[in-house]
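Residues per chain are reported as follows:
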Amino acid sequence: MADEEQLYYVTPTVRSGPMSRVSGCEVYLKLENLQAPASFKIRGVSNLCKKAVRGRNCQHLVCASGGNAGMAAAYAGMKLKTPATIVLPESTSAQVAENLRQLGAEVLVHGKVFDHANKFAMELAAKPGAEYIHPFDHPDIWEGHESLIVEAAAQMPVKPDVVLTSVGGGGLLIGIVQGMWKVGWKDVPIIAMETDGANCFNAAIKAGELVTLPDITSVAKCLGSLTVSSRAFELHQKKEHNIQSVVIEDKEAVSACLRFADDHRMLVEPACGAALAAVYSNIIPALQQEGRLGKVETALAVVCGGGSVSLDMLQAWKKQFDL
Ligand code: PLV
């Protein structure tokens, strides 16, 4: 039965001519940047918000976010006619705060990085009638994100040989894995991209246990969780899915955003550029040379999106990184 209250769009999956030429394989793009709140986050966040409001009579949504989950929660709150409070870390731009207010949300700024804002949001949500909306670490978030793969599987002409995504707190990765299991892509490897300075997944893999980064130094603030979701780590650790973790420099993530803008005339933020850098920074052949990846004829890249980028910001990073 169709979900009459579906708050996310079915986004297109399109073949990228320019990226296929760069990589030598057929590259398909799942365009999550086209969601109303500008990222895939609305899939998982709306799933959790709907269950809270419709199922548990929640009167007040409280979310901490690097930006995009907050945009999704504010949008869901507006659609579900439920007040939303979004707690942002100081690193989130004033423009995002303004966009959130436009959606009718109350905006609070607390702490240097997401994890500090998150702790504060959890305290706020302890009051009766409120519910805490985690941006990535909740089964309802993962369940909501699954839908992007279910859609892509129906939209693609063939099964991909690899899926390219970025990792922040790991909710997107978990949802992608769950979606892939649903559509019969259990054998398809994932390249999980992070930027140096927002690399909590890779750091945990290297350490063999969850680690807490001392700080987020990457410009990809929306990948900026100090600790990755334990479930994301477990998926890798227990080899439940073939996930190849790769860390790139900020410069490569920004370069990918710039090249993507030229190739497709769409602006995405570095959190998304990280995933696109799997193509633009030739990560696929590099992993093949290391014996970490087999033959790739078709790749699916998740264009996770991002609501906090502007032409001015991209131009400033272009200068900063001498691109
Ligand atoms: N951003 C989260 C966490 O920030 C947020 O609060 O919005 N791509 C984009 C554009 C994102 O905004 C995010 C997450 C990701 C990728 C990574 O998703 P995750 O956290 O589920 O791995 C601190």
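Note: the structure precedes this text.
Since the structure is predicted, the reported quantities are computational estimates derived from the model, not experimental observations.

Engineer: Describe the site of the ligand, listing the residues and the values that go with them.
Structural biologist: Near the ligand there are 24 residues, and of these Ser65, Asn68, Ala69, Gly168 and Gly170 occur at the shortest range. A distance of 2.7 Å separates an oxygen atom of the ligand from a polar atom in the side chain of asparagine 68. Residue alanine 69 places a main-chain N or O atom 2.7 Å away from an oxygen atom belonging to the ligand. Its free accessible area being 520 Å², the ligand has 100% of it covered by the protein chains. Judged by its atoms lying within 2 Å of the grid points, the ligand is housed in the largest cavity. Residues of the shell around the ligand, tallied by class, amount to 11 nonpolar, 12 polar and 1 charged. Here the shell around the ligand gathers at least three residues from each of two domains, domain 1 (3-39 + 139-320) and domain 2 (41-132).

Engineer: Explain the packing of aromatic side chains to me, using residue names and the numbers behind them.
Structural biologist: The final tally for this structure, using the stated rule, is 1 aromatic pair. Residues phenylalanine 114 and phenylalanine 136 carry aromatic rings whose centres are separated by 5.8 Å and whose planes lie at 50° to one another, so their mutual orientation is tilted. Highlighted residues: phenylalanine 114 in helix H5 (residues 114-124) and phenylalanine 136 in the loop between strand S6 (130-133) and helix H6 (139-155), separated in sequence by 22 residues. Accessibility classification places phenylalanine 114 together with phenylalanine 136 in one group, the buried group. Between lysine 186 and the ring centre of tryptophan 181, over which it is positioned, the NZ or CZ distance is 4.2 Å.

Calculation notes
Residue numbers restart at each chain and count upward from 1, following the sequence in its written direction. A pLDDT threshold of at least 70 governs which residues receive local features in this predicted model, and a stricter bar of 80 or more applies before side-chain atom pairs are shown or counted, although totals over entire chains, interfaces and linings include all residues. Think of the side-chain values as coming from all heavy atoms in the structure, minus any hydrogens and water. Throughout this document, a residue counts as near a molecule or strand when at least one of its heavy atoms sits within 4 Å of that molecule or strand. For the purposes of these results, a polar contact is taken to be a pair of N or O atoms within 3.5 Å, where, inside protein, one atom must be able to donate a hydrogen and its partner to accept one; residues adjacent in sequence count only when each atom of the pair is a side-chain atom. Computed with the Shrake-Rupley method and a 1.4 Å probe, the accessible areas treat only the protein chains shown as cover for residues. Lining residues are those with an atom within 4 Å of a point, where the points come from a 1 Å grid over the protein atoms alone and group into cavities, where a 1.4 Å probe fits but cannot get out, or pockets, open sets with protein on both sides within 12 Å along at least five of seven lines. Being in a pocket or cavity means that more than half of the molecule's atoms lie within 2 Å of its grid points. Under this grouping Gly is polar, as are all residues other than the nonpolar Ala, Val, Leu, Ile, Met, Phe, Trp, Tyr, Cys and Pro and the charged Asp, Glu, Lys and Arg. Here the bounds of each domain stem from an automatic or database domain assignment. In this analysis, rings of Phe, Tyr and Trp, with Trp reduced to its six-membered ring, are considered paired at centre separations within 6.5 Å, and the interplanar angle assigns stacked below 30 degrees, edge-to-face beyond 60, and tilted for intermediate values. For the purposes of this entry, the term helix denotes a DSSP run of H or I that reaches at least four residues, the term strand denotes a run of E that reaches at least two, and both are numbered from the N terminus. Think of it in three bands: with a 1.4 Å probe and only protein chains considered, a residue is buried below 20% of the maximum accessible area for its type, exposed above 50%, and partly exposed in between. Consider the ring centre and the ring normal. A charge sits over the ring if Lys NZ or Arg CZ is within 6 Å of that centre and within 35 degrees of that normal.

Purely geometric numbers; function is a separate question.
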